[in-house]
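Given next are the chains, with one letter for each unit.
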Amino acid sequence: MARAAVKAKQQAAAKAQPSKARARGRRRHSGGGNPNQELFFVRLRRHQKWVYAMLAVVFALSFVLVGVGSGNGGGLQQLWNNIFGGNGGTSLSKAQDEVNKDPKNAKGYLDLATAYEEQSNPGLAVGAYQHYLQLKPKDANTWALVGGLELTQGSKYSTQSQSAQQAAQLADPSAPFLPGGTLGSAVGTNPAYQGASTAASTRTSLLYQKAQSAFTTAVTDYQRASTLRPKSTIYPLELAQAAINAGNGKVAIQALQNYLKVYPSAPNKKAIKREIKQLQAQVQTPTTGTPTVQSGNG
């Protein structure tokens, strides 16, 4: 009887055990969720924390680059620098020490140029790069990099020149109503507006000259990069872009033709040929005015 009682007790326990396991399972997923999905996220949190870190970095980087949440992204940039130990002032000071100790230190000039770029000072960055290129004149990538900075500067000056031109027109609202010819000369301009109009016109001219100079220098630097890397499929397009902005249609045409020679199977071949035809038409009928501002690749 004792053995029978023990055996019966064991059988009862065995029957009860699966139902308890099922009950626990139902309680664990009573919300209708997928247990495999829960397990995936648990494992992700426990064993792949680097994924979260990477997502955080990408999220922060996107905010820093596009400046979301502030006027110019300065606060986020500062946060970014604090997280990764970046400090524009420190790196600039260190780079300046490098070139002061050894004026022939090419790497020092590269560091100095990078520091100026981080401080949003492209003018000084170009100067530092030019010092570097005096020591390393065969660095095609840096020639192209400088050309890109100059192209950006030229676009900025050209936009400012167009704004100044509009300001010059608005500075003397009576000008459109003045008579022409001898009568207009006799009447003259309104002295109340003449000073402001002259100042705005002078600013327009200076900005135009700066834009033209930057575009022309960019053309020269891209030409050097293209000469050093004649098989490049990138430099000819960048050179053409700079030449178009500089109003140098002949150089732009030659650059695009070289691009098609280097890359005869280019997917944008038809578009490039259309651009060449348009430029050829413009070269035959040249126009003058403010340089055309187009987005560059550099």
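Everything discussed here concerns the structure shown above.
Quick caveat, the model's predicted, so the values are computed rather than measured.

**What to know about the nonpolar core**
The biggest cluster of nonpolar side chains holds 48 residues, and the ones touching the most others in it are L112 and V219. Taken together, the elements giving at least two residues each to this core come down to α5 (88-101), α6 (106-118), α7 (122-135), α8 (140-171), α10 (191-228), α11 (235-246), α12 (249-262) and α13 (269-284). For this core, the leading source of residues is α8, giving 8 residues. Beyond its immediate chain neighbours, meaning those up to four positions away, V219 contacts L239, A242, A243, A246 and V251.

**Looking at the packing of α11 against α12**
At a minimum axis distance of 8 Å, the contact between α11 and α12 shows a crossing angle of 165°. Taken together, the axis directions place α11 and α12 in an arrangement best described as roughly antiparallel. Along this stretch, α11 crosses α12, giving a crossing that reads as left-handed. On α12, the residues touching P236, L237, L239, A240, A243 and I244 of α11 are V251, A252, A255, L256 and Y259. For the contact of α11 with α12, the per-class residue count stands at 11 nonpolar, no polar and no charged.

Parameters at a glance
- Residues numbered from 1 in each chain as written.
- Predicted model: local features only at pLDDT ≥ 70, side-chain atom pairs only at ≥ 80, totals over all residues.
- Heavy atoms only, no water.
- Core = buried A, V, L, I, M, F, W, Y, C linked by side-chain atoms within 4.5 Å.
- Buried < 20%, exposed > 50% of the residue type's maximum accessible area, 1.4 Å probe, protein only.
- Helix = DSSP H or I, 4+ residues; strand = E, 2+ residues; numbered from the N terminus.
- Contact = heavy atoms within 4.5 Å.
- Axes fitted to C-alpha atoms, helices over the stretch in contact; angles between N-to-C directions.
- Parallel < 35°, antiparallel > 145°, perpendicular 65-115°, else oblique.
- Left-handed = near helix turned anticlockwise from the far one by under 90°.
- Nonpolar A, V, L, I, M, F, W, Y, C, P; charged D, E, K, R; others polar.

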